[in-house]
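Chain by chain, the residues:
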Amino acid sequence: MSVNKPRGNTQRQKPEEAAAAPRFRVSLDWEHIFTSPKNTLAWGTFFIILGLILETSFFSYIITGLSDQSVLDGLGHQSIRDAGRQTRNFLGVLGAVVSHIFVYRWFGIGALLLPIVPFVAGWKMAFGREILPLGKITKEVIFFTLWVSVLMGYIVLMSNSENTLSFLSGGFGYLVNVSFFDWLKWGSILPILFALFVFAVFFYDVRDKYESWQARNAKPEPAADEAREDAKGTEGELLPDEVAVPGSTFVSVVNDTYDDEVLTSEEQPDLEVETEEEAPRVVPHPAVVLPVTPTAPPVPAASATVELPVMPMEVSAVPSEPLLEFEVEDTTQAKEPLDEEFENEDINASILREFGQYDPMLDLPQYQFPTIDLLNEVFENQHEKVSQEELESNKTKIVDTLGSYGINISKIKATIGPTVTLYEIIPEAGVRISKIKNLEGDIALSLAALGIRIIAPMPGRGTIGIEVPNKNRETVFARSVLSNERFQKSNYDLPIVLGKTISNDIHIADLAKMPHLLMAGATGQGKSVGLNVILASLIYKKHPAELKFVLVDPKKVELTLFNKLERHFLAKLPNAEEAIITDTKKVIFTLNSLCIEMDSRYDLLKEAAVRNLKEYNAKFAARRLNPEKGHRFLPYIVLVIDELADLMMTAGKEVETPIARLAQLARAVGIHLVVATQRPSVKVITGLIKANFPARLSFRVTSSIDSRTILDMGGAEQLVGQGDMLLAINSEVIRLQCPFIDTREIEDICEYIGGQRGYDEAYALPEYEGDDAAEGKADLNPDDFDALLPDAARLIVTHQQGSTSLIQRKMKLGYNRAGRIMDQLEVLGVVGPFTGSKARDVMFHDLNMLEEHLRTMGVG
């Protein structure tokens, strides 16, 4: 009753109804949004446009997706305006982002089917009719989107093209095939095709259509007889209907199937007569054919038994049996020795046939090489490099100067270079070459040049060369040499661009063949720029999986820009904080670690029975080496030392020995050195180091002694600076103009690569423990500790300052004793390691914890 009273009391319901009425109106308004003709037209147009936009962006991504990858990766580091300018997708940043999710991460090219659903739905809403059945097309789109993604994943995985064609399958198709491939190898195509078969059977009713087709094509003679027998026991009114049914079926089967394929010439006339008799009865009752289809299944069995003697195709199978047996015996006999040879020669060949060659670049399949657009544009000189007047004037002065000393010239030729012009002269017979070389200063005086260089004689030419600096020098930009076709198509293992020759040819060298490079030059002559050009050349040509850098920069400012490449190109010691090595002690550890790496690589080469790194990697890529035995792909390692003089002053033999050892042995295992110094003296470039560096590069130096130290000949002191250099390799000296690369260009290159996905961490070098670690372990004997060690520890923890000078002042000790106490505190773990001029880190913040630690270590 309590339930009915509120229903009858209408006056009490009025406030509640008034409160509920607005809610009811809101729901009606919400329905009105989708039911109003205007709104349905608007929503339908919206979905049509949405489908077109999605289809356009997906199609554009297939064409421009690879170029937009870097823009999407750096989307959080730049503004939308900058990203929109760089995006090549037809619909800008939004189209690139949406298509990247649907195409690249999810469904690949199968995503092209998805916009069909909103387009069909929008068409139905806007115009009230379906161009395609919406429910059916939605199911088909969902299935074929997933199925095409999985199929393309199989194609991409089998072709080993993940780095270039991964967008065809998307993440879904690729992951599914990776799971299938672990179980079925190449047979993973079978469940993919089976899924298509199952979908066709259940969605398109293939079985029902097959049964109807089977009924139409079956021979119905027994069915006709049964129909006639049944017709005898029925009423006369039903007889025409039932007889007409098998007659109609009989006609269609005979005319469609047995006329051309099964029946012989003797049987055909009889059948034609029957069709003529039965044909009139088919016309008045065409709809009665349907009830006869259940009687069709037993018909093919009877017809098959009757027609077997007629068919000549069965006889051809008889002589094929001995042929099959003969072939099987041959194959089994051939397989037995092949299996034995296969097991004896190489078991991993089967893996190569299944997986193809190993590609280390697949670890970073989305890595994109830096583009030439990151470099500054080349600016042409507004004025002529060397005018004809300057050439004639220099020729006249050279001829007159030599003529004044009784040296006549029979021929002279000029070759204009970016920095200097080479004048080749052929003196008359009887002139001594030494006489011309002694006139170097006189010719420079007459030409009023910064410095000339005489090459007497020029190798392989039979002439004497006089290099005269140009008044208007040409700047060789890095973009002009790195975009050159010769460099782009070079197949060197480690190609580096060193500059332009006097004949304006780009000089490209292979660091792997050098195999090491020693550079020298006074301050400000272009040595650091030359190092940057060498590093940029290698970065533009090599993948991070193929090359690693070990950068040593005692000056701490020259190579810091490359710190952004840590997860791509750099190698460092385990647990090292920075990949760019600046501390001298860490340099020693790194050099010795490289020696350990070199020894371990030689062990791998020995086990693989190869002579160098290139042969080893080729054998590993062919899957002829077992990774379970320690074999791995070995990248090239380039050690770059920006200032050797500082290391030699502070470390001396500790640095010289590993450098000399690496220079002697590391070539075959792919470790190459590029060492630079601004002080090429015999104390820095010692004989032990110099003997193992056949390739030497010298910028301008201050004296001829330095030139002879680095090049074993003079001439480097006559260079004009700003990238002018001499390359001595294989007893040949070449004058080059080093390309200019700006700091901003290096930053752009490093940011472009650093913004991409890299490895989890830098390439780890083997861990090296120096003599200090062994000494530290030996110092753990409590009897050897200083008596004031506990008091010093309490002092350090109280002041939270790990400083030797603090122990000196507070405890009134000498420097040597305070230093020994500090070393012992480091061994005990009270303070951290030495950090240069900064105070050591204090590991304890509480005296109670310190006291407990001292008791544990046996120090009272």
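These numbers were taken from a predicted model, which means no experiment stands behind them. (Residues numbered from 1 in each chain as written. Predicted model: local features only at pLDDT ≥ 70, side-chain atom pairs only at ≥ 80, totals over all residues. Heavy atoms only, no water.)

1. Points about the packing of helix 18 (residues 388-404) against helix 20 (residues 440-447)
At their nearest, the axes of helix 18 and helix 20 sit 9 Å apart, and the two run at 140 degrees to each other. Put simply, helix 18 runs oblique to helix 20. Crossing hand, helix 18 versus helix 20: right-handed. Contact residues: N394, K397, I398, T401 and L402 in helix 18; D442, I443, S446 and L447 in helix 20. (Axes fitted to C-alpha atoms, helices over the stretch in contact; angles between N-to-C directions. Helix = DSSP H or I, 4+ residues; strand = E, 2+ residues; numbered from the N terminus. Parallel < 35°, antiparallel > 145°, perpendicular 65-115°, else oblique. Left-handed = near helix turned anticlockwise from the far one by under 90°. Contact = heavy atoms within 4.5 Å.)

2. Describing helix 5 (residues 92-107)
Side chains of residues three or four places apart in an α-helix project in the same direction, reflecting 3.6 residues per turn. Its 16 residues place the ends of helix 5 21 Å apart at the C-alpha level, agreeing with the 22 Å of an ideal helix rising 1.5 Å per residue. Maximum bend of helix 5: about 35 degrees, positioned at H100. What helix 5 keeps buried is the set V93, G95, A96, S99, H100, V103, Y104 and F107. G108, located one to two residues past helix 5, shows a positive phi value of around 65 degrees. (Expected span 1.5 Å × (residues − 1). Bend = angle between axes of the 7 residues up to and from the residue. Buried < 20%, exposed > 50% of the residue type's maximum accessible area, 1.4 Å probe, protein only.)

3. Considering the nonpolar core
L517 and F549 are the most contacted members of the largest nonpolar core, which totals 115 residues. Per-element accounting of this core gives the leading share, nine residues, to helix 24 (residues 584-608). Aside from chain neighbours lying at most four places away, what touches F549 is L535, L538, I539, F569, L570, A571 and V638. Grouped together as the second largest cluster of nonpolar side chains are 23 residues, F785, A818, L825 and L850 included. (Core = buried A, V, L, I, M, F, W, Y, C linked by side-chain atoms within 4.5 Å.)

4. Remarks on the layout of surface pockets
A volume near 900 Å³ is recorded for the second largest pocket. Considering the residues around the second largest pocket, the lining is formed by 31 residues, among which R453, I455, M458, E467 and V733 are closest to the centre. Contributing elements (two or more residues each) for the lining of the second largest pocket: strand 2 (420-427), strand 3 (453-455), helix 29 (704-711) and strand 14 (732-737). Looking at the lining of the second largest pocket element by element, the count peaks at four residues for strand 14. Broken down by class, the residue content of the lining of the second largest pocket amounts to eleven nonpolar, nine polar and eleven charged. (1 Å grid on protein atoms, 1.4 Å probe; cavity = no way out; pocket = protein on both sides within 12 Å on 5 of 7 lines; lining within 4 Å. Points joined across faces, edges and corners; volume = space filled by probe spheres on them. Nonpolar A, V, L, I, M, F, W, Y, C, P; charged D, E, K, R; others polar.)

5. Observations regarding helix 9 (residues 170-184)
The terminal C-alpha atoms of helix 9 lie 21 Å apart, and with 15 residues this matches the ideal 21 Å at 1.5 Å per residue to within 8%. Residues of helix 9 that are buried: G170, G173, N177 and F181. In a view along the axis of helix 9, the buried residues occupy a sector of 70 degrees, so they form one face of it. Facing away from the buried surface of helix 9 by more than 90 degrees, the exposed residues are L175, D182 and W183. The first or second residue beyond helix 9 is K185, which carries a positive phi of 55 degrees. (Arc of directions from axis to C-beta.)

6. Here's the deal with the packing of aromatic side chains
Enumeration according to the criterion identifies 19 aromatic pairs in this entry. Seen from their ring centres, Y358 and F620 are 5.3 Å apart, and the 85 degrees between their planes marks the pair as edge-to-face. Taken together, the positions of Y358 in the loop between helix 17 (349-355) and helix 18 and F620 in helix 25 (residues 613-621) put the pair 262 residues apart, joining distant regions of the chain. Assessed through its relative accessible area of 26%, Y358 is described here as partly exposed. With a relative accessible area of 8%, F620 lands in the buried category. Where F549 meets F569, the ring centres are 6.0 Å apart and the plane angle is 35 degrees; that geometry is what we call tilted. Here F549 is found in strand 8 (residues 547-552), whereas its partner F569 is found in the loop between strand 8 and strand 9 (571-572), with 20 residues between them in sequence. The burial state of F549 is the same as that of F569; both residues are buried. Among the aromatic side chains, those forming a connected cluster through ring pairs are F58, F102, W106, F107 and F172. (Phe/Tyr/Trp six-rings, centres within 6.5 Å; stacked < 30°, edge-to-face > 60°.)

7. Some thoughts on the pairing of strand 7 (residues 517-520)
Residues L517 and M519 of strand 7 are buried on one face, and the alternating residues L518 and A520, pointing to the opposite face, are buried as well. Where strand 7 lies against strand 11 (residues 671-677), four bridges are found, and the strand directions are parallel. Following the sheet pairing, A520 is matched in strand 11 by T677. (Pairing = 2+ DSSP bridges.)

8. Here we look at the environment of L72
Residue position: L72 is located in helix 3 (residues 37-73). Linking L72 and T87, residues 15 residues apart in sequence, is a C-alpha distance of 8.6 Å. Setting aside its immediate chain neighbours within four residues, L72 contacts A96, V97 and H100.

9. Considering the pattern of salt bridges
Across all of its chains, the model carries 26 salt bridges by this definition. Residue K489 pairs with E485 through a salt bridge whose shortest N-O separation is 2.7 Å. Of the charged contacts, one joins D599 and R661 as a salt bridge, the two residues approaching to 3.1 Å between their closest N and O atoms. Highlighted residues: D599 in helix 24 and R661 in helix 27 (residues 653-665), separated in sequence by 62 residues. (Salt bridge = Lys/Arg side-chain N within 4 Å of Asp/Glu carboxyl O.)

10. Topic: the packing of helix 32 (residues 789-799) against helix 34 (residues 815-828)
Where helix 32 meets helix 34, the closest approach of the two axes is 10 Å, and the angle between their N-to-C directions is 75 degrees. In terms of axis orientation, helix 32 runs roughly perpendicular to helix 34. Each of L789, A792, A793 and I796 in helix 32 lies in contact with helix 34, whose residues at this interface are I821, M822, Q824, L825 and L828.

11. Observations concerning the environment of G128
Structurally, the position occupied by G128 is in the loop between helix 6 (116-127) and helix 7 (134-158). In this structure the C-alpha to C-alpha distance between G128 and L41, which are 87 residues apart in sequence, comes to 9.2 Å.

12. A look at the UniProt feature "binding site: ATP" (unreviewed entry) in the protein chain
Within the UniProt annotation, "binding site: ATP" (unreviewed entry) is assigned to G521, A522, T523, G524, Q525, G526, K527 and S528. Looking at where G526 falls in the secondary structure, it is placed in the loop between strand 7 and helix 23 (527-541). Take S528: it is sitting in helix 23. (UniProt positions renumbered as here; feature names shortened; annotations may be inferred.)

13. Digging into unusual backbone geometry
In this structure, the amide linkage connecting M514 to the following residue, P515, adopts the cis form with an omega of 0 degrees. Here P515 shows up in the loop between strand 6 (506-510) and strand 7. Non-glycine residue K556 carries a positive phi angle of around 70 degrees. On the secondary structure map, K556 appears in the loop between strand 8 and strand 9. The backbone of R623 shows a phi angle near 60 degrees, a positive value even though the residue is not glycine.

14. Side note on the confidence of the model for the protein chain
Residues of the protein chain with pLDDT of at least 70 account for 73%, and the chain-wide mean is 76. Contacts for the low-pLDDT stretch residues 220-345, under 50 throughout, to residues beyond four places or in other chains number 72 contacts. (pLDDT = per-residue confidence, 0-100.)

15. A few points about the sheet that holds strand 3
Taken together, four strands build an open sheet; the order of strands is 1-2-4-3 and the sheet is antiparallel. Two strands in the sheet have a free side with no partner beyond their single neighbour: strand 1 (409-416) and strand 3. When the angles between neighbouring strand axes are averaged without regard to direction, this sheet yields 20 degrees. Note that strand 3 and strand 4 (residues 464-469) share three bridges and pair antiparallel.

16. A word on a nonpolar patch on the surface
Taken together, the side chains of I49, I53, F59, I63, F90 and L91 define a hydrophobic patch exposed on the protein surface, amounting to about 590 Å² of accessible area. Considering the arrangement of structural elements, one finds F59 in helix 3. (Patch = residues over 30% accessible without salt bridge, like charges linked within 9 Å, V, L, I, M, F, W, Y side chains within 5 Å. Areas by Shrake-Rupley, 256 points an atom, 1.4 Å probe, with all protein chains shown as cover.)

17. Section: the side chain of K500
One can find K500 in strand 5 (residues 495-500). In this structure K500 is buried but unpaired, with E474 as the nearest side chain of opposite charge at 4.2 Å. In contact with K500, not counting residues within four places along its chain, are P418, E474, V476, D505, I506, R735, L736 and Q737. (Lys, Arg positive; Asp, Glu negative; His and termini not counted.)

18. Focus on the pairing of strand 5
Most of strand 5 is tucked away, with six of its six residues classed as buried. Alignment of strand 5 against strand 6, held across five bridges, turns out to be antiparallel. In the sheet register, K500 faces strand 6, and the bridge partner there is I506. The turn linking strand 5 back onto strand 6 is made up of five residues, and N504 within it adopts a positive phi angle of 65 degrees.

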